[in-house]
Amino acid sequence: MSELSVNHLLGIKYLSKEDIELIFKTADHFKEVINRPIKKVPSLRDITIANLFFENSTRTRLSFELAEKRLSADIVNFSAASSSVKKGETLIDTVNNILSMKVDMVVMRHPNPGAGIFLSRHVNASIINAGDGAHEHPTQALLDTYSIRERLGEVAGKKVVIVGDILHSRVALSNIFALKLQGAEVKVCGPKTLLPKHIESLGVSVETDLKKALEWCDVANMLRVQNERMDISYFPSTREYAQQFQLNKKILESLNKEIVVMHPGPINRGVEITSDVADAENAIILDQVQNGVAVRMAVIYLLASKINR
Ligand code: CP
């Protein structure tokens, strides 16, 4: 397979196993490129990309921008906070105005689930979803599973537990799809109030006891509690949450094995994970960030090769 089955990256849900294999193979090549003294390739010299961020981001925004620059694309950056969205301009009008300046590809983060899907039906550009509300964050799941493959050799057959606020997490949903597609076993763990009803229908098992979940897994992906998406209280206090669901030295040392520790960031140190654990050798949190650039280069490169101009 030499090209993706899709023209946009809207969610892992729309990818095949072969698509992910192609993205990883291409990312392997770009990882080698970005470790060279000259980190840039001329591949996308004729492509213009707009990065539209309607929601805050550090890692994803910088990672996409760096990936685009490493591929020699022209880029424009848009942040809703300093734009005419504040004067009432709609999403379609905003994007069509940007596209009329001859933009080929749009990377978009938006607070509304499905915003990227909506856009792909109304504008003539390739769309990459950089996180849409509590729906999907496909490039995060790709870089997460790429990092598991790098550390453990393969994803198939590995046992991965995703811990924390599953209910509000686009990272959890995209990771579940990506891990299952690649043959991993997946468990979710958290307070009952933060586990979606019927989550088992996605082929995952559920555990509310962190120690049992950790004894089972090879990899623990720790998620942040997304207070910004909560309109009610889902647990009594942050202190009680940390008592039951925090990954710390004490609980890790009680296991008879080492596990790989992941976190998509941003980390709330001292809540879902302690600093000593986040910074330990078996934590691959900064590897995830580093791999994000190569994986995003691969996604952009493969989608750009499908653009008809
Ligand atoms: N992991 C992630 O999406 O981080 P940002 O919100 O900083 O982009």
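Small disclaimer: the values here were computed from a predicted structure and weren't measured.

## Overview of the state of the cysteines
Thinking step 1. The tally for this structure, following the rule as stated, stands at zero disulfides.
Thinking step 2. Free of any disulfide, Cys 189 has its nearest neighbouring cysteine sulfur in Cys 217, separated by 9.5 Å.
Thinking step 3. The class for Cys 189 is buried, based on a relative accessible area of 0%.

## Some details on the pairing of strand 1 (residues 48–53)
Thinking step 1. The buried fraction of strand 1 amounts to six of the six residues, a majority that puts the element mostly inside the structure.
Thinking step 2. Side chains of strand 1 alternate between two faces, with Thr 48, Ala 50 and Leu 52 and Ile 49, Asn 51 and Phe 53 buried alike.
Thinking step 3. Both strand 1 and strand 2 (residues 74–79) contribute to a ladder of six bridges, which runs parallel. Within strand 2, the residue paired with Leu 52 across the bridge is Phe 78.
Thinking step 4. With helix 2 (residues 59–70) bridging strand 1 and the parallel strand 2, this β-α-β connection has right-handed handedness.

## Brief notes about the sheet that holds strand 6 (residues 185–189)
Thinking step 1. With respect to topology, five strands assemble into an open sheet ordered 7-6-5-8-9, the strand pairing being parallel. Only two strands of the sheet have a single partner each, and these edge strands are strand 7 (205–207) and strand 9 (260–262). For this sheet, the mean angle separating the axes of adjacent strands, direction not counted, is 25°.
Thinking step 2. The sheet contact formed by strand 8 (residues 219–222) and strand 9 spans three bridges and is parallel.

## Here's the deal with the site of the ligand
Thinking step 1. Around the ligand, the structure places Ser 57, Thr 58, Arg 59, Thr 60, Arg 109, His 137, Gln 140, Pro 264 and Gly 265.
Thinking step 2. A distance of 3.0 Å separates a nitrogen atom of the ligand from a polar side-chain atom of Gln 140.
Thinking step 3. The contact in question runs from a nitrogen atom of the ligand to an N or O atom on the backbone of Pro 264, over 2.9 Å.
Thinking step 4. Alone, the ligand offers 250 Å² of accessible surface; in the complex the protein occludes 91% of this.
Thinking step 5. Residue composition of the shell around the ligand, by class: one nonpolar, six polar and two charged.
Thinking step 6. If you count residues domain by domain, the shell around the ligand takes at least three from each of domain 1 (12–136 + 289–304) and domain 2 (138–284).

## Quick look at the domain arrangement of the protein chain
Thinking step 1. We note that the domain assignment places domain 1 (12–136 + 289–304) and domain 2 (138–284) within the protein chain.
Thinking step 2. Domain 1 and domain 2 are separated by 26 Å when their C-alpha centres are compared.
Thinking step 3. The partner domain 2 presents 24 residues to the 29 residues of domain 1 that form the contact.
Thinking step 4. Where domain 1 abuts domain 2, roughly 2,300 Å² becomes buried across the two surfaces, and 62% of that area is made up of carbon and sulfur atoms.
Thinking step 5. A per-residue breakdown of the area domain 1 buries against domain 2 is headed by Ile 12, Phe 24 and Glu 136, which together make up 26% of the total.
Thinking step 6. For the pair domain 1 and domain 2, the interface holds three salt bridges.

Cut-off values and rules
Residues numbered from 1 in each chain as written. Predicted model: local features only at pLDDT ≥ 70, side-chain atom pairs only at ≥ 80, totals over all residues. Heavy atoms only, no water. Disulfide = S-S within 2.5 Å. Buried < 20%, exposed > 50% of the residue type's maximum accessible area, 1.4 Å probe, protein only. Helix = DSSP H or I, 4+ residues; strand = E, 2+ residues; numbered from the N terminus. Pairing = 2+ DSSP bridges. Right-handed = clockwise from strand over helix to strand, strands pointing away. Axes fitted to C-alpha atoms, helices over the stretch in contact; angles between N-to-C directions. Near = heavy atom within 4 Å. Polar contact = N/O pair within 3.5 Å; in protein donor to acceptor, adjacent residues only side chain to side chain. Areas by Shrake-Rupley, 256 points an atom, 1.4 Å probe, with all protein chains shown as cover. Nonpolar A, V, L, I, M, F, W, Y, C, P; charged D, E, K, R; others polar. Domains from an automatic or database assignment. Contact = heavy atoms within 4.5 Å. Buried area = accessible area lost by both parts, 1.4 Å probe. Salt bridge = Lys/Arg side-chain N within 4 Å of Asp/Glu carboxyl O.

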